[in-house]
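Structural description and commentary
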Amino acid sequence: MPMMTRDVLLEMELEEDDEEDGDIALENLEQTNVSGFGSLKSQQDFRTPEFEEFNGKPDSLYFNDGQRRIDFVLVYEDESRKETNKKGSNEKQRRKRQAYESNLICDGLQLEATRSLVDDKLVFVKVHAPWEVLCTYAEIMHIKLPLKPNDLKTRSSAFDNFNWFTKLLQVDESIIKPEQEFFTAPFEKNRMNDFYIQDRDTFFNPATRSRIVYFILSRIMYQVRNNVKKFGINKLVNSGIYKAAFPLHDCNFSTPSEDLSCPNERYLLYREWAHPRSIYKKQPLDLIRKYYGEKIGIYFAWLGYYTQMLLLAAIVGVACFLYGYFTEDNCTWSKEVCDPNIGGQIIMCPQCDDECPFWSLNVTCESSKKLCIFDSFGTLVFAVFMGVWVTLFLEFWKRRQAELEYEWDTVELQQEEQARPEYEARCTHVVINEITQEEERVPFTTWGKCIRVTLCASAVFFWILLIIASVIGIIVYRLSVFVIFSVNLRKISNGTDPIQKYVTPQMATSITASLISFIIIMILNTIYEKVAIMITNFELPRTQTDYENSLTMKMFLFQFVNYYSSCFYIAFFKGKFVGYPGDPVYWLGKYRNEECDPGGCLLELTTQLIIIMGGKAIWNNIQEVLLPWVMNVFGRCRTVSGAEKITPRWEQDYHLQPMGKLGLFYEYLEMIIQFGFVTLFVASFPLAPLLALVNNILEIRVDAWKLTTQYRRMVPEKAQDIGAWQPIMQGIAILAVVTNAMIIAFTSDMIPRLVYYWSFSIPPYGDHLDYSMEGYINISLSIFNTADFKSRVKENPYARSKYDTCRYRDFRYPPGHPQEYKHNIYYWHVIAAKLAFIIVMEHIIYSVKFFISYTIPDVSKSTKSKIKREKYLTQKLLHENHLKDMTKNIGVIAEKMIGAVVDNNLRPKSD
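Rules behind the numbers
- Residues numbered from 1 in each chain as written.
- Predicted model: local features only at pLDDT ≥ 70, side-chain atom pairs only at ≥ 80, totals over all residues.
- Heavy atoms only, no water.
- Salt bridge = Lys/Arg side-chain N within 4 Å of Asp/Glu carboxyl O.
- Buried < 20%, exposed > 50% of the residue type's maximum accessible area, 1.4 Å probe, protein only.
- Disulfide = S-S within 2.5 Å.
- Helix = DSSP H or I, 4+ residues; strand = E, 2+ residues; numbered from the N terminus.
- Axes fitted to C-alpha atoms, helices over the stretch in contact; angles between N-to-C directions.
- Parallel < 35°, antiparallel > 145°, perpendicular 65-115°, else oblique.
- Left-handed = near helix turned anticlockwise from the far one by under 90°.
- Contact = heavy atoms within 4.5 Å.
- Nonpolar A, V, L, I, M, F, W, Y, C, P; charged D, E, K, R; others polar.
- Phe/Tyr/Trp six-rings, centres within 6.5 Å; stacked < 30°, edge-to-face > 60°.
- Lys NZ or Arg CZ within 6 Å of the ring centre and 35° of its normal.

**Focus: the pattern of salt bridges**
Side chains that differ in sign of charge can pair as their charged atoms come close. Under the counting rule described, the total for this entry stands at 26 salt bridges. The partner of Arg271 in a salt bridge is Glu272, with the nearest N and O atoms 3.4 Å apart. Judged by relative accessible area, Arg271 falls into the partly exposed class, the value being 28%. The residue Lys281 makes a salt bridge to Glu272 at a minimum N-O spacing of 3.0 Å. Here Lys281 and Glu272 have matching classes, each one buried. Ionic contacts of the salt-bridge type, sharing partners, join the residues Arg271, Glu272 and Lys281 into one network.

**What to know about the state of the cysteines**
For the structure on display, the rule yields three disulfides. Here Cys338 connects covalently by a disulfide to Cys365, the sulfurs 1.9 Å from one another. For the disulfide bridge between Cys338 and Cys365, the dihedral angle about the S-S bond is near 100 degrees, and by the sign convention the bridge is right-handed. In this pair, Cys338 sits in helix H10 (residues 332–338) while Cys365 sits in helix H11 (residues 365–374), placing the two residues 27 residues apart along the sequence. Residue Cys365 is classed as buried on the basis of its relative accessible area, which comes to 13%.

**Considerations on the packing of helix H21 (residues 665–680) against helix H23 (residues 725–747)**
Taken N-terminus to C-terminus, the directions of H21 and H23 make an angle of 25 degrees; their axes are 8 Å apart at the nearest point. Relative to H23, the element H21 lies roughly parallel. For the crossing formed where H21 meets H23, the hand is right-handed. In this structure, H21 uses Phe665, Tyr668, Leu669, Ile672, Phe675, Gly676, Thr679 and Leu680 to contact H23, whose residues at the interface are Trp725, Ile728, Met729, Ile732, Leu735, Ala736, Thr739, Asn740 and Ile743. Split by residue class, the contact of H21 with H23 holds 13 nonpolar, four polar and no charged.

**So, the environment of Ile472**
Counting through the fold element by element, Ile472 comes out in helix H15 (residues 446–491). What makes Ile472 partly exposed here is its relative accessible area of 33%. In the structure, Ile472 is positioned 94 residues away from Ser566 in sequence and 9.4 Å away in space, judged by C-alpha atoms.

**Re unusual backbone geometry**
The omega angle of the peptide bond from Pro763 to Pro764 is 10 degrees, so this bond is cis rather than trans. The backbone of Leu540 shows a phi angle near 60 degrees, a positive value even though the residue is not glycine. Structurally, Leu540 can be placed in the loop between helix H17 (505–539) and helix H18 (544–572).

**Things to note about the packing of aromatic side chains**
Overall, the coordinates contain 61 aromatic pairs when judged by the stated rule. For the ring pair Phe382 and Phe385, a centre distance of 6.2 Å and an interplane angle of 20 degrees mean the geometry is stacked. With Phe382 and Phe385 both in helix H12 (residues 377–407) and three residues apart, this pair spans about one turn of that helix. Ring geometry for Tyr563 versus Phe677: centroids 6.4 Å apart, planes at 85 degrees, classification edge-to-face. With a gap of 114 residues between them, Tyr563 in helix H18 and Phe677 in helix H21 connect regions that are remote in the sequence. Look at Tyr563 and you get buried, because its relative accessible area is 4%. Residue classification places Phe677 among the buried positions, given a relative accessible area of 1%. Over the ring of Tyr76 we find Arg97, and its NZ or CZ is 3.7 Å from the ring centre. Residue placement shows Arg452 over the ring face of Phe538; its charged tip is 4.6 Å from the ring centre.

This is the structure in structure tokens:
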């Protein structure tokens, strides 16, 4: 590789800089010599790319000579042809770009420029990495490349003779041929003969070539100011010097390329993966990984596996839902609520001060029927099942992930990963490495790191408090608007009015509050996204994996509070601290706390989950599908004047949408939030896995369609696993056991009903001769004397009421009892039963979870043997070849030494 003999850098005057990151300095790799830092006096000092006319081949992926492959494309707008030409600013941008391109050429890359056929202001700079450059940087980046074909045979399955059904789901191997597997090792130039090089043009596949070129583009400097060096294609794109930088798609997604040498991988992915007719087929993961890189491949592998596991959860969830639906007619307590002679005769106390009227219990008849479907014995069974399911999913995914690590050569990825250029640029402090006892550079001292961590943690904590403040605002809205609904809905309705039948004040309050909560969630998401990126940039993680993990934890903490806080409020706080009508509890000293329906808050929690999950899915689909499609259509309309012209591949790709800085981060985040809804609150909504399953089946194809048709090709990246999302899911799985146990114990009425059935329906507490649910409604509603009402404004707002007593949801002694309005014995029995249920359920599920985790190894036996086999063959092949070379060299040296000794012995001695 021709080394850089002269680095073209600009010493520029102090001027306003429009870039975001500020001045930075770069410590170059030893393989890249950085010399002279002089200022350029004339444009003749630049080495510029040659301009070539488009050769009329729209499917070509090569320079005009047809030999050099295009590995990357840079796009800029010619300053001399801009309509608003600010000479000073444009000249500075032009000089920076020319310096950057000159340094690329000096570093060994080859450039060719072509002007746009549609917009003559645009210039496309095509980048090609020669063989020597690829080899040099493959060694620097520790890229694993083929040593020899894999000789380990796949173990045949006992069900191979019955796989006629699975063949329907598989991708046709005659269309997408299976990739040949190799044993691999990190590339070394001095051992090039040991690698499986049959053709230099195909030894580095297009994804690897693009990754190497992007590595170079991210580290090339273009300016020095105040001894601070500025570098990298990302900085140039952010500042507008370049409009875009991307690798090319290999062909059009809808039609194969006319170039016979083109593999048409994009076309195959669209046809067999992204097209709606392939929705039932398995994903071609190896081709996805080959075309887009391991990072995207591991995402779709995880999403596909998660969707497969959801199928089992959805089946069990539907079964539990159907059990509740078909046993609804046997729900005795709901019948009592709807019975005019029971529920119609029970007068409930007003649920707010002064203005709220008395109301009849049977107005909640419809909601009580719906509640019977979800608050049944099947819900308990499903909650226990989901606690085991989530463990099975995580453990089996670890095994699948280990298989992919081996198959995709990412087992030792952490040892290969390079430091981010932004981190390298800040390494100005010299410290002594504790292991090597050698000097190394770090971006900040230990004290500086502590300050950064403290500031970052404080910022995250502040934003979480802001989310909590918004939740409190929603609660205040609930408390204030409930009074309005209570007064107005009952004034305009009568006993048979459909409004009163289906829309209760609690239901109206819940729906409107859920919609407002969803809107606030979306707004805060948009704001916090930028804040989280700023905090992580300030934190300055070393590698890209560290960066993404740090950002992931910050974003998830925020999203966790943002999405789940309202659900936690309804499940565990609403209706729990309300006091009783004569002595209510006030929120913030002003608003009377909300009460649940007589059947509990479980139905309201279900409503909240449906609105947030459904609204989130609709909003995400609009963002992921409609928005990029509209943007692309708009971009094509702007260039309609040149639509008749044949445009090259790089110009077609330029008019697609960029993927974004964070890539798949939001795709993971969307699925993990969904995973939380499916596991944390599944006891209130057993159909959640079914909705998630349907959504994910569509999500896989929508994401595939989006990547193959609407977005530019992403820079391929390596990834060993799903990163910080794995421990996040494990944390959710542990928390889900607690939340579901507490939902069944405290949010639903299952435990009070069981206590009544087994203890209080029969003597000595009950009047029934046999166990029964009859009379449960009467015992679950306490009696209150309307003469004991109090008001902050006047003595008793209900003194002239025609009702002497009313009922309210609690377990307290009636008026006239020696301990009137104190909790009765039934209350303490229920509390003891709830606590016992939580302890027993948690211990049983945690025991099963830990047993499953212990018995299922993270790496299967066959995968372990393959990894050991590859290490053995790699060491054997490389070391044996090395020993052969050493033996040969030692033999030559020994022969020379023996020859010299013989010559000395035969030489006559002089006197």
